[in-house]
Amino acid sequence: VQLQASGGGLVQAGGSLRLSCAASGRTFSSLTAAWFRQAPGKEREFVAVSRRNSATSYSSESVKGRFTISRDNAKNTVYLQMNSLKPEDTGVYYCAARARVLVSLSSPEDYEYWGQGTQVTVSS
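Here's a quick rundown of the structure. For clarity, every value in this text was computed on a predicted model and none was experimentally measured.

Criteria and cut-off values
- Residues numbered from 1 in each chain as written.
- Predicted model: local features only at pLDDT ≥ 70, side-chain atom pairs only at ≥ 80, totals over all residues.
- Heavy atoms only, no water.
- Helix = DSSP H or I, 4+ residues; strand = E, 2+ residues; numbered from the N terminus.
- Buried < 20%, exposed > 50% of the residue type's maximum accessible area, 1.4 Å probe, protein only.
- Contact = heavy atoms within 4.5 Å.
- Disulfide = S-S within 2.5 Å.
- Phe/Tyr/Trp six-rings, centres within 6.5 Å; stacked < 30°, edge-to-face > 60°.

### Topic: the side chain of Ser60
Okay, step 1: The topology assignment puts Ser60 in the loop between β6 (57-59) and β7 (67-72).
Okay, step 2: For Ser60, a relative accessible area of 12% puts it in the buried group.
Okay, step 3: Residues in contact with Ser60, not counting those within four places in the same chain, are Phe46 and Val47.

Have a look at this one:
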């Protein structure tokens, strides 16, 4: 599975961005897809996940109410709509996917496939 993330950029605090992650190489609906982010000097952090077959989605407490994950299985794409952005949202955003069915949804170690990352910078 190949993942290609796009949509990052520079935005002022309070602004919005939409990230996209296009997948190829496998039936996308069978994959759990997630977004992680990593700020300089920090560990990779879970942001949001969309379970396989679009069953359910979850987001971290730090972005709940501001970020929304969605997917279009026909387009093999998962999105992250980011609203009310804050400077602390700055980082490289990675999309990830896995075929395995696991209980954990937020551990990076449980994801098999990764995109290359897209930079999001929020200025104050």
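### Remarks on the state of the cysteines
Covalent bonding between the sulfur atoms of two cysteines is what defines a disulfide.
Okay, step 1: As enumerated under the stated definition, the model contains one disulfide in all.
Okay, step 2: Across a sulfur-sulfur distance of 2.1 Å, Cys21 and Cys95 are joined as a disulfide pair. Here the disulfide of Cys21 and Cys95 is right-handed, its torsion about the S-S bond being about 60°. Residue Cys21 is located in strand β3 (residues 17-24), and its partner Cys95 is located in strand β9 (residues 91-98); the two are separated by 74 residues in the primary sequence. By the burial criterion, Cys21 is buried, and Cys95 matches it.

### Focus on the packing of aromatic side chains
Okay, step 1: Summed over all chains, the structure comprises five aromatic pairs.
Okay, step 2: Judged by centre distance (5.4 Å) and plane angle (75°), the ring pair of Phe36 and Tyr111 falls under edge-to-face. Highlighted residues: Phe36 in strand β4 (residues 32-38) and Tyr111 in the loop between β9 and β10 (113-114), separated in sequence by 75 residues.
Okay, step 3: Look at Phe36 and Trp114: their rings are 5.2 Å apart centre to centre, the planes differ by 50°, and that puts the pair in the tilted class. Here Phe36 is found in strand β4, whereas its partner Trp114 is found in strand β10, with 78 residues between them in sequence.
Okay, step 4: Assessed through its relative accessible area of 28%, Trp114 is described here as partly exposed.
Okay, step 5: Taken together through their ring pairs, the aromatic side chains of Phe36, Phe46, Tyr94, Tyr111 and Trp114 make up a single cluster.

### Regarding the environment of Arg26
Okay, step 1: Position of Arg26 among the secondary structure elements: in the loop between β3 and β4.
Okay, step 2: What makes Arg26 partly exposed here is its relative accessible area of 40%.
Okay, step 3: Every residue in contact with Arg26, bar those within four places of it in the chain, is listed here: Val1, Leu31, Ala99 and Tyr113.

Structural measurements only, silent on function.
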